[in-house]
Amino acid sequence: TLSAVTTITITNGKPFILDLMGRTLSFSHTTGVGLTFTEGATFRTNLTIQNGIFTYTGASASITGVAITNKGHASVRNVRFTAFNTSGATALSLGGTLGVEDSSFGDVFFTSNTNALSIGKDSNQNQWSSVWFQANTNPIVITDASGNSFKDCLVQSNTGVKSVQIIASTINVDSNSF
């Protein structure tokens, strides 16, 4: 169980792999982001997250499970995000101060989250394939991000008013495809 807010800064030029090997990483933090991955100045060191489950066991509102910021070339595969379902909670957030780009996400499953996926400012050219969004409140929220491609993804049985929200608050948003 990860109970404190943790940031992993990826060393430039040294790839980082988090292979959960089928295990569950539980979060119980009370504020902020449970686990943040970020990178220094080069922005192109490989990050791989694979083979496991991220779940929230706490009760605090407006927390985020996993955030990826200032990152190019991330790969997230065979991962499940579940139970980030407190008020305002987000399972996976991309972006922040600097975006996430040129990354791929496949065989990712979001279930029972308040906000499953939040794609933020300057996060672009990301590929999503075989991703399931089921039984969330707000499955996909894209704000000030372009060029995100969703292929062969399933969005069903979610309870929010809008399954996909694309918001342009500071820049023009284009080329997000479903």
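All figures in this text were calculated on a predicted structure; none of them were measured in a lab.

(A) Region of interest: the nonpolar core. In this structure, Phe54, Ile68, Phe81, Leu92 and Phe110 are the most contacted members of the largest nonpolar core, which totals 38 residues. When neighbours within four sequence positions are excluded, Ile68 is seen to be in contact with Phe37, Leu47, Ile49, Val76, Leu92, Ser93, Leu94, Gly95, Val100 and Phe105.

(B) Geometry of the pattern of salt bridges. Per the counting criterion, the structure on display carries two salt bridges. The salt bridge involving Lys71 is made with Glu39; its shortest N-O contact spans 2.6 Å. Of the two residues, Lys71 sits in strand β7 (residues 71-72) while Glu39 sits in strand β4 (residues 33-39), which places them 32 residues apart along the sequence. Across the pair, exposure class does not vary: Lys71 and Glu39 are buried alike. Between Asp122 and Lys121 there is a salt bridge; the shortest N-O distance is 3.1 Å.

(C) Fine view of the side chain of Asn138. Secondary-structure assignment places Asn138 in strand β15 (residues 138-143). Beyond its immediate stretch of four places on either side in the chain, Asn138 contacts Thr114, Asn115, Ala116, Leu117, Gly160, Lys162 and Gln165.

(D) Inspection of a nonpolar patch on the surface at higher detail. Together, Val164, Ile166 and Phe178 give the surface a local cluster of nonpolar side chains, amounting to about 260 Å² of exposed area. Considering the arrangement of structural elements, one finds Phe178 in the segment after β18 (164-167). Relative accessible area serves as the criterion here: at 52%, Phe178 is assigned to the exposed category.

(E) Up close: the sheet that holds strand β6 (residues 64-68). Within the open sheet, the seven strands sit side by side as β1-β4-β6-β9-β12-β15-β18. Their pairing is parallel. Each of the sheet's edge strands pairs with one partner strand only, and the pair in question is β1 (6-10) and β18. Neighbour-to-neighbour, the strand axes of the sheet open up by a mean angle of 10°, direction not taken into account.

Conventions we followed
Residues numbered from 1 in each chain as written. Predicted model: local features only at pLDDT ≥ 70, side-chain atom pairs only at ≥ 80, totals over all residues. Heavy atoms only, no water. Core = buried A, V, L, I, M, F, W, Y, C linked by side-chain atoms within 4.5 Å. Buried < 20%, exposed > 50% of the residue type's maximum accessible area, 1.4 Å probe, protein only. Contact = heavy atoms within 4.5 Å. Salt bridge = Lys/Arg side-chain N within 4 Å of Asp/Glu carboxyl O. Helix = DSSP H or I, 4+ residues; strand = E, 2+ residues; numbered from the N terminus. Patch = residues over 30% accessible without salt bridge, like charges linked within 9 Å, V, L, I, M, F, W, Y side chains within 5 Å. Areas by Shrake-Rupley, 256 points an atom, 1.4 Å probe, with all protein chains shown as cover. Pairing = 2+ DSSP bridges. Axes fitted to C-alpha atoms, helices over the stretch in contact; angles between N-to-C directions.

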